[in-house]
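Observations on the model geometry
Chain residues, written in single-letter form:
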Amino acid sequence: MAAADVTCGLAEVLVFIGALVAGTACSLCSKVLLSMRSVGASGEEQSFQNPLFQTWGMFLGMVFALPVHFAREALERRRSRRGYDAIGIERRPSFKEMPRSTYLLLAAPALFDLAATALCMFGLTRVAVSVYQMLRGAAIVFVAILKHFVLKDKLAKYMWVGVGLNVVSIVLVGATAQSSDSGQGDPLVGVALILAGAFVQSLQYAFEEKVMSSDVGAPPLLVIGMEGFWGLFVCTFVLYPAAYAAGVEDPYDTYVMFRNSQDIQRMFLLYFVAIFSYNLLAVLVTYMLDSVWHAILDNFRPISVWGVDLALFYVVTSGAFGEAWAYPG
């Protein structure tokens with residue numbers, strides 16, 4: 001399906017809005033978790049700056065799509081056979097059986113997602129959440145290039161105008177990141193990490209669209225569940241040991257901090273629900289529309305994240321949390 005031929009009905013609009021709400025909640029919960037404090041293995045209170053743990057939690061949430069997929073597949077199989085065996089009529093199942101190679105193939109988007117999320121999480125520790133979200137919108141630029149030149153799904157000329165406007169906005173946001181509330185580290189390093197994550201994310205979006213197309217036909221729930229399974233496997237048995245060996249993040253210290261703070265546990269539960277909902281709805285956006293719309297979703301999120309941040313700062317918490325309006329200069 002060409003990008004210019006995509007149409008939006010009520011179902012597509014509702015899925016898109018749901019993904020936007022869940023994505024906004026996910027970004028805010030992520031930033032809150034990074035700013036919380038707890039007592040670690042050393043016995044001293046310290047900041048919960050553990051982005052790899054959030055990445056691990058994201059994949060854990062995505063795995064929960066697999067039981068839903070297999071339950072739905074069993075139900076469809078039962079329905080396809082009901083009433084036909086009794087009269088000797090063989091009916092072809094209404095669902096498509098997935099070969100085992102598909103389960104292995106879905107490791108690729110999981111690795112893209114893992115790399116992109118890890119890059120963006122480390123970038124988020126150095127920039128404000130609104131800057132982080134706007135820079136992630138660079139994925140639409142990369143997706144447009146991939147669709148046009150790699151997937152051979154030609155974009156209309158007016159679409160390239162939109163891509164050009166996105167490039168201008170990304171350059172402006174990146175140039176002003178130095179003056180934002182950047183947390184820890186050099187904000188320009190954070191900008192570079194987030195842009196790198198956006199590029200890797202665009203590879204994931206394009207791959208997901210391809211694997212859910214008629215060529216492979218993988219169901220969205222299977223895609224999101226297997227991405228979670230492979231991502232959780234790699235994160236647990238590859239990235240965490242590597243991060244521990246490099247002194248980047250200690251999983252035992254993370255566990256102790258998590259155990260010692262009920263506030264962190266509650267916030268992680270909210271993050272868990274938000275990230276599961278977002279990933280499920282976002283892959284449905286790709287399935288029902290295409291990967292460009294998935295990237296457009298990421299471009300809408302900065303508006304919602306920034307708006308909620310301002311409301312929290314000025315209306316809900318009286319400056320205790322959120323983000324103040326920053327004037328140039």
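The following paragraphs examine the structure supplied in this document. (Residues numbered from 1 in each chain as written. Predicted model: local features only at pLDDT ≥ 70, side-chain atom pairs only at ≥ 80, totals over all residues. Heavy atoms only, no water.)

Take the overall build of the chain next. Scanning the chain from N- to C-terminus turns up 13 helices and 2 strands. Across the 329 residues in the chain, those meeting the buried criterion constitute 47%. Counting contacts in the chain only where the partners sit at least 6 residues apart, residues at least 24 apart contribute 78% of the total. Looking at the chain as shown, the accessible area adds up to about 16,200 Å², and 67% of this sits on carbon and sulfur atoms. (Helix = DSSP H or I, 4+ residues; strand = E, 2+ residues; numbered from the N terminus. Buried < 20%, exposed > 50% of the residue type's maximum accessible area, 1.4 Å probe, protein only. Contact = heavy atoms within 4.5 Å. Areas by Shrake-Rupley, 256 points an atom, 1.4 Å probe, with all protein chains shown as cover.)

Here the focus is the packing of aromatic side chains. Applying the stated criterion to the full structure yields 18 aromatic pairs. A centroid spacing of 5.2 Å and a plane angle of 75° characterise the contact between Phe-229 and Trp-230, whose relative ring orientation is edge-to-face. Ring geometry for Phe-268 against Tyr-271: centres 6.2 Å apart, planes inclined by 40°, an arrangement best described as tilted. Here the residue Phe-268 and the residue Tyr-271 both occupy positions in helix 12 (residues 262–288), the gap between them amounting to 3 residues, near one helical turn. Residue Tyr-271 is classed as buried on the basis of its relative accessible area, which comes to 2%. Among the aromatic residues, ring-to-ring pairing joins Phe-48, Phe-53, Trp-56, Phe-64, Phe-258, Phe-268, Tyr-271 and Phe-272 into one connected group. (Phe/Tyr/Trp six-rings, centres within 6.5 Å; stacked < 30°, edge-to-face > 60°.)

Turning our attention to a nonpolar patch on the surface. Together, Trp-306, Tyr-314, Val-315, Val-316 and Trp-325 make up an exposed nonpolar region whose accessible area comes to about 550 Å². Summarising the element assignment, Tyr-314 is placed in helix 13 (residues 291–316). For Tyr-314, a relative accessible area of 47% puts it in the partly exposed group. (Patch = residues over 30% accessible without salt bridge, like charges linked within 9 Å, V, L, I, M, F, W, Y side chains within 5 Å. Salt bridge = Lys/Arg side-chain N within 4 Å of Asp/Glu carboxyl O.)

A few words on the side chain of Asp-253. Position of Asp-253 relative to the elements: it lies in helix 11 (residues 251–260). The charged side chain of Asp-253 is buried without a salt bridge, its nearest counter-charge being Arg-259 at 9.3 Å. Residue contacts for Asp-253: discarding those within four places in its chain leaves Gly-40, Ala-41, Ser-42 and Gln-46. (Lys, Arg positive; Asp, Glu negative; His and termini not counted.)

That is the geometry; function is a separate question.
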